[in-house]
Amino acid sequence: MSYVPVFRRSVEDPDGFWREAAELISWDAPPETVLDTSDPNHPRWFADGRLNTCYNAVDRHVAARGDQPALIHDSPVTGSVTTLTYRELRDDVARFAGGLRSLGVTAGDRVIIYMPMVPEAAVAMLACARIGAVHSVVFGGFAPRELAVRIDDAAPKVLIAGSCGIEPSRVVEYMPIVNAALDMSEHQPDACIVLQRDTHPAELVDGRDQTWAQVMAAASPVDCVPVNGDDPLYILYTSGTTGLPKGVLRDNGGHAVALRWSMPNLYDTHPGEVFWAASDVGWVVGHSYIVYAPLLTGCTTIMYEGKPVGTPDAGAFWRVIADHGVNALFTAPTAFRAIKKEDARGEHLRGHDLSTFRVLYLAGERTDPDTYVWATNLLDRPVIDHWWQTETGWPIVSNPMGIEQLPIKPGSAAVPVPGWRVEVLDEQGAQRPAGEEGAIAIGLPLPPGALLTIYGDDDRYVNEYLTAYDGYYLTGDSGYIDSDGYVYVMGRTDDVINVAGHRLSTGAMEEVVAAHDAVAECAVIGVADDMKGQVPLGFVVLKSGEDIDHDDLRGELVQKVRDEVGPVAAFKDVRVVSKLPKTRSGKILRRTMRRIADGEQYTTPSTIEDPDALDTIRSAVGRV
Ligand code: COA
Ligand code: AMP
């Protein structure tokens with residue numbers, strides 16, 4: 001197979017292309033219409049088909065691969081490895097789904113899952129899918145306020161939590177976070193289910209909480225409930241420009257077809273093989289490539305509760321690959337930078353049998369050429385950068401390894417994936433010439449698997465993604481396409497930053513900083529960091545007459561962001577300045593500030609109100 005004709009067919013005959021791809025999915029009623037574009041802003045894939053995602057991911061494999069490991073939980077932080085075969089996974093999921101149903105959860109109801117990387121997190125997701133309920137997984141590194149915002153938005157009938165997460169340096173008690181969030185949220189779920197972990201069992205609230213074990217003991221297994229192709233499968237909140245996260249709403253049909261198609265064609269991974277996405281179920285990579293895509297394909301998926309370094313050392317990834325015969329690993333470049341920092345010569349690689357390992361996939365942030373070269377030399381295998389977003393659910397630009405391995409150009413995520421019409425546009429919406437940077441946009445309709453809308457706020461979906469350019473989805477990334485059609489994704493055009501592969505909103509941090517009594521105004525920007533890619537840096541202007549000690553203020557602001565956004569924000573640095581650079585209309589010039597902080601060239605914007613404000617920033621970051 002070669003890439004060009006496959007891509008061409010996907011855009012010239014999307015109906016035929018995706019109808020064929022849909023044959024990889026088991027339907028209760030096959031779709032008659034592949035794509036319905038009667039509402040151009042809301043195209044629907046396979047809307048009149050009926051299917052169940054859990055059936056496709058679990059039950060249908062039991063006959064042929066019931067004894068094959070479906071999920072291997074490898075947890076260096078607890079010193080345990082747990083394997084669930086497809087049969088065991090089916091039994092657990094069917095029973096837990098019965099438990100949810102006995103708590104009144106039915107099709108369309110929301111369920112929030114706030115859990116660490118344990119098999120029960122995947123069981124809970126699949127159990128929701130089994131009964132047509134809509135799960136919303138919240139990443140464990142977020143603080144109570146962030147959880148509360150999501151509870152109020154999703155209005156879950158049930159909340160499922162772990163008693164604790166285990167970070168290398170500390171145990172994170174989840175239930176105090178849940179309790180604090182429920183104190184803040186208006187919405188209250190009918191019940192909470194708590195997975196008690198031996199490391200730190202939680203205190204339960206009478207009348208509200210039950211343990212996972214109690215629910216399982218009392219439940220009877222239930223069957224899969226067929227849903228419509230365009231019925232929702234999950235909401236996953238992601239950071240936007242403001243402090244209010246966006247609930248990306250995903251369907252069942254398009255999602256199943258796209259992910260199942262992606263495994264052999266993009267990841268060159270086939271039924272029975274072992275796929276490891278070293279991410280977290282709280283992120284889209286975890287949804288798509290720890291849980292759904294490998295299971296839809298009949299692979300063995302690895303769920304890793306540990307870090308690339310420190311659990312116990314920089315050889316952790318090689319140990320997991322060797323122990324479980326991993327064929328393909330998917331992680332974020334930051335993980336490789338962390339390994340490189342501790343073991344630049346790759347000495348930990350020695351002694352591990354990596355003969356099953358074929359290819360490394362990197363996403364979540366751009367793979368910088370240094371990391372690419374280091375990883376390629378170390379592993380002597382293809383290192384594939386690919387680009388996607390929570391909204392898209394699967395890759396937009398990649399080297400399509402299962403179709404044709406194209407030459408790798410370091411710094412580029414390679415070529416548009418079949419189905420995605422990627423263009424680089426100028427401010428007027430004209431295509432930029434090859435090699436020139438602009439806004440990356442995607443021609444509508446988006447292929448199967450992309451978001452349906454923003455949950456509960458369709459206007460926000462239309463305004464933020466579809467309005468800038470008629471007929472296009474705006475990605476929020478800027479970049480360029482070279483004369484060979486390779487796409488280079490260079491960075492965000494909005495106030496979203498990427499810290500250690502975690503997508504965060506500087507707007508959310510600014511809201512917390514601005515609320516401090518001593519602060520008149522503030523800006524938070526993302527600045528380059530050798531290991532995490534980017535880290536947030538705050539600038540504050542004090543209220544006039546305010547004489548708080550600057551070190552005390554810094555300490556308070558760092559703690560406040562940690563308490564209100566979460567430790568994952570890694571907000572550790574604040575500079576006090578006399579003014580912020582702004583346009584005459586009062587917009588803070590964050591992009592120019594970032595360029596100054598990163599030591600990049602910049603031009604003083606013609607719209608600036610007071611050019612001296614740039615000197616203030618330069619001296620605050622020591623670039624005078
Ligand atoms: N629950 C609670 N706290 C969490 C958490 C979770 N699930 N995940 C992270 N945190 C906390 C950490 O304990 C840390 O807290 P600290 O400030 O007290 O040390 C903070 O959030 C930042 O964590 P992290 O981003 O993991 O940074 P780190 O410095 O501990 O480790 C890396 C750096 C590069 C090793 C780590 O970020 C990593 O493995 N990244 C892989 C990237 C990834 O999985 N990306 C997902 C998209 S593919
Ligand atoms: P998330 O929604 O968390 O997956 O983050 C999506 C954002 O991460 C994108 O909009 C990009 O800014 C960035 N990103 C993800 N993968 C890549 C990549 N391979 N190259 C460049 N940026 C990336």
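In what follows, the structure referred to is the one given above.
Described below are features of the structure shown in this document. (Residues numbered from 1 in each chain as written. Chains lettered and ligands numbered in written order. Predicted model: local features only at pLDDT ≥ 70, side-chain atom pairs only at ≥ 80, totals over all residues. Heavy atoms only, no water.)

1. Side note on unusual backbone geometry
Rules: Only runs of H or I of at least four residues qualify as helices and only runs of E of at least two qualify as strands under DSSP, and these elements are numbered from the N terminus. Only protein chains enter the accessibility calculation, which uses a 1.4 Å probe; a residue whose area is less than 20% of its type maximum is buried, one above 50% is exposed, and one in between is partly exposed.
The step from Thr311 to Pro312 runs through a cis peptide bond, and the omega angle for that step is 0°. Turning to its location among the elements, Pro312 is positioned in the loop between strand 17 (300–304) and helix 11 (316–324). Of note, the bond from Leu444 into Pro445 is cis; its omega dihedral lies within 30 degrees of zero at 0°. With respect to the element layout, Pro445 can be found in the loop between strand 24 (438–443) and strand 25 (453–454). Here Asp268, not a glycine, exhibits a phi torsion of approximately 50°, which is positive. With respect to the helices and strands, Asp268 occurs in the loop between helix 9 (253–265) and strand 16 (274–277). Residue class for Asp268 comes out partly exposed when judged on its relative accessible area of 27%. Positioned with a positive phi, Ala414 is a non-glycine residue whose angle comes to about 85°. Along the polypeptide, Ala414 turns up in the loop between strand 21 (397–398) and strand 22 (415–416). Classification of Ala414 as buried rests on a relative accessible area of 4%.

2. Observations concerning the sheet that holds strand 26 (residues 472–481)
Keep this limit in mind: Paired strands, in this sense, are two strands between which DSSP finds at least two bridges. For helices, the fitted axis covers only the stretch in contact; all axes are lines through C-alpha atoms, and the angles between them, taken along N-to-C directions, range from 0 to 180 degrees.
Within the open sheet, the four strands sit side by side as 23-24-26-27. Their pairing is antiparallel. Looking at the sheet topology across the chains shown, the edges are occupied by strand 23 (422–425) and strand 27 (487–492). Across the sheet, the mean angle separating the axes of adjacent strands is 50° when strand polarity is ignored. Note: strand 24 against strand 26, five bridges, orientation antiparallel. Bridge pairing links Ile442 to Tyr473 in strand 26.

3. A word on the pattern of salt bridges
The line we're drawing: Counted as salt bridges are all cases of a side-chain nitrogen of Lys or Arg within 4 Å of a carboxyl oxygen of Asp or Glu.
A complete count under the given rule lists 34 salt bridges for this structure. Across the pair Glu20 and Arg9 runs a salt bridge whose closest N-O atoms are separated by 3.2 Å. In this pair, Glu20 sits in helix 2 (residues 14–21) while Arg9 sits in helix 1 (residues 3–12), placing the two residues eleven residues apart along the sequence. Residue class for Arg9 comes out partly exposed when judged on its relative accessible area of 29%. One network of salt bridges, in which partners are shared, links Arg594, Arg595, Asp598 and Glu600.

4. A few points about the packing of helix 6 (residues 144–154) against helix 7 (residues 174–184)
Convention followed: Roughly parallel here means an angle under 35 degrees, roughly antiparallel means over 145, roughly perpendicular means 65 to 115, and every remaining angle is called oblique. It is the rotation of the near helix from the far one that decides the hand of a crossing: anticlockwise by less than a right angle makes it left-handed, clockwise makes it right-handed. Contacts are assigned to residue pairs with any non-hydrogen atoms lying within 4.5 Å of each other.
Where helix 6 meets helix 7, the axes come as close as 8 Å, and the angle between the chain directions of the two elements is 55°. Considered as vectors, helix 6 and helix 7 are oriented oblique to each other. Here the hand of the crossing between helix 6 and helix 7 comes out right-handed. Listed contacts from helix 7 to Pro144, Arg145, Leu147, Ala148, Ile151 and Asp152 of helix 6 are Ile177, Val178, Ala180, Ala181, Leu182 and Met184.

5. Details of the packing of aromatic side chains
Keep this limit in mind: Geometry of aromatic contacts follows a simple scheme: Phe, Tyr and Trp rings, the Trp one being its six-membered ring, pair when their centres are within 6.5 Å, and the pair is stacked under 30 degrees between planes, edge-to-face over 60, tilted otherwise. Two limits define a charge over a ring: the Lys NZ or Arg CZ must be within 6 Å of the ring centre, and within 35 degrees of the ring normal.
This model, assessed by the stated rule, comprises 33 aromatic pairs. Relative to Phe7, the ring of Tyr3 has its centre 5.8 Å away and its plane inclined at 40°; by these criteria the two rings are tilted. In this pair, Tyr3 and Phe7 both sit in helix 1, four residues apart, roughly one turn of the helix. According to the relative accessible area criterion, Tyr3 is buried, its value standing at 9%. Note on Phe7: relative accessible area 18%, which makes it buried. When the centroid spacing of 5.6 Å and the interplanar angle of 85° are considered together, the rings of Tyr289 and Trp388 count as edge-to-face. With a gap of 99 residues between them, Tyr289 in helix 10 (residues 284–296) and Trp388 in the loop between strand 20 (383–385) and strand 21 connect regions that are remote in the sequence. Judged by relative accessible area, Trp388 falls into the buried class, the value being 11%. Among the aromatic residues, those joined into a ring-pair cluster are Phe17, Trp18, Trp27, Trp45, Phe46, Trp261, Trp394 and Trp420. The ring centre of Phe142 lies 4.6 Å from the NZ or CZ of Arg150, which sits over that ring. Positioned above the aromatic ring of Tyr486 is the side chain of Lys409, whose terminal nitrogen or guanidinium carbon lies 4.6 Å from the ring centre.

6. Considerations on the pairing of strand 15 (residues 246–251)
Buried residues dominate strand 15, accounting for six of its six residues. By the alternation rule, side chains of strand 15 split into Lys246, Val248 and Arg250 and Gly247, Leu249 and Asp251, which are all buried. The pairing of strand 14 (residues 232–238) with strand 15 spans six bridges and is classified as antiparallel. Each bridged residue has a counterpart across the sheet, and for Pro232 the counterpart in strand 15 is Asp251. In this sheet, strand 25 lies alongside strand 15 in antiparallel orientation, the contact comprising two bridges. Paired with Leu249 across the strands is Thr453, a residue of strand 25.

7. Quick word on the site of ligand 2
Threshold: Proximity is defined per residue: any heavy atom of the residue falling within 4 Å of a molecule or strand makes that residue near it. Polar contact is the term for a pair of N or O atoms within 3.5 Å; when the atoms are in protein, one must be able to donate a hydrogen and the other to accept it, and sequence-neighboring residues count only if both atoms are side-chain atoms. Accessible surface is estimated by sampling points in the Shrake-Rupley manner with a 1.4 Å probe; for residues, cover comes only from the protein chains shown. Residues were grouped as follows: Ala, Val, Leu, Ile, Met, Phe, Trp, Tyr, Cys and Pro as nonpolar; Asp, Glu, Lys and Arg as charged; and all remaining residues, including Gly, as polar.
Lining the immediate surroundings of ligand 2 are 15 residues, of which His386, Thr390, Asp477, Arg492 and Arg503 lie closest. Within the backbone of His386, an N or O atom sits 2.7 Å from a nitrogen atom of ligand 2. With respect to ligand 2, the side chain of Asn498 contributes an N or O atom lying 3.0 Å from an oxygen atom. Contact with the protein chains removes 93% of the 490 Å² of surface that ligand 2 exposes when unbound. For the shell around ligand 2, the class distribution of residues is four nonpolar, five polar and six charged.

8. Focus: the side chain of Arg208
For Arg208, the location among the structural elements is in the loop between strand 11 (191–195) and strand 12 (209–211). Given the relative accessible area of 17%, Arg208 is considered buried. Within the structure, Arg208 has its side chain in polar contact with the side chain of Asp209 (distance 2.6 Å). The residues contacting Arg208, other than those within four sequence positions of it, are Met175, Asn179, Leu182, Ala191 and Cys192.

9. Some words on the sheet that holds strand 17
Overall, mixed pairing links the seven strands, which are arranged 5-4-17-16-18-19-20 in an open sheet. Pairing within the sheet leaves two strands with one partner each, and these edge strands are strand 5 (80–85) and strand 20. Between one strand axis and the next, the sheet turns by 20° as a mean value, whatever way the strands run. Strands strand 18 (328–331) and strand 19 (359–362) of the sheet are contacted by helix 12 (residues 333–342), whose axis makes an angle of about 95° with strand 18.

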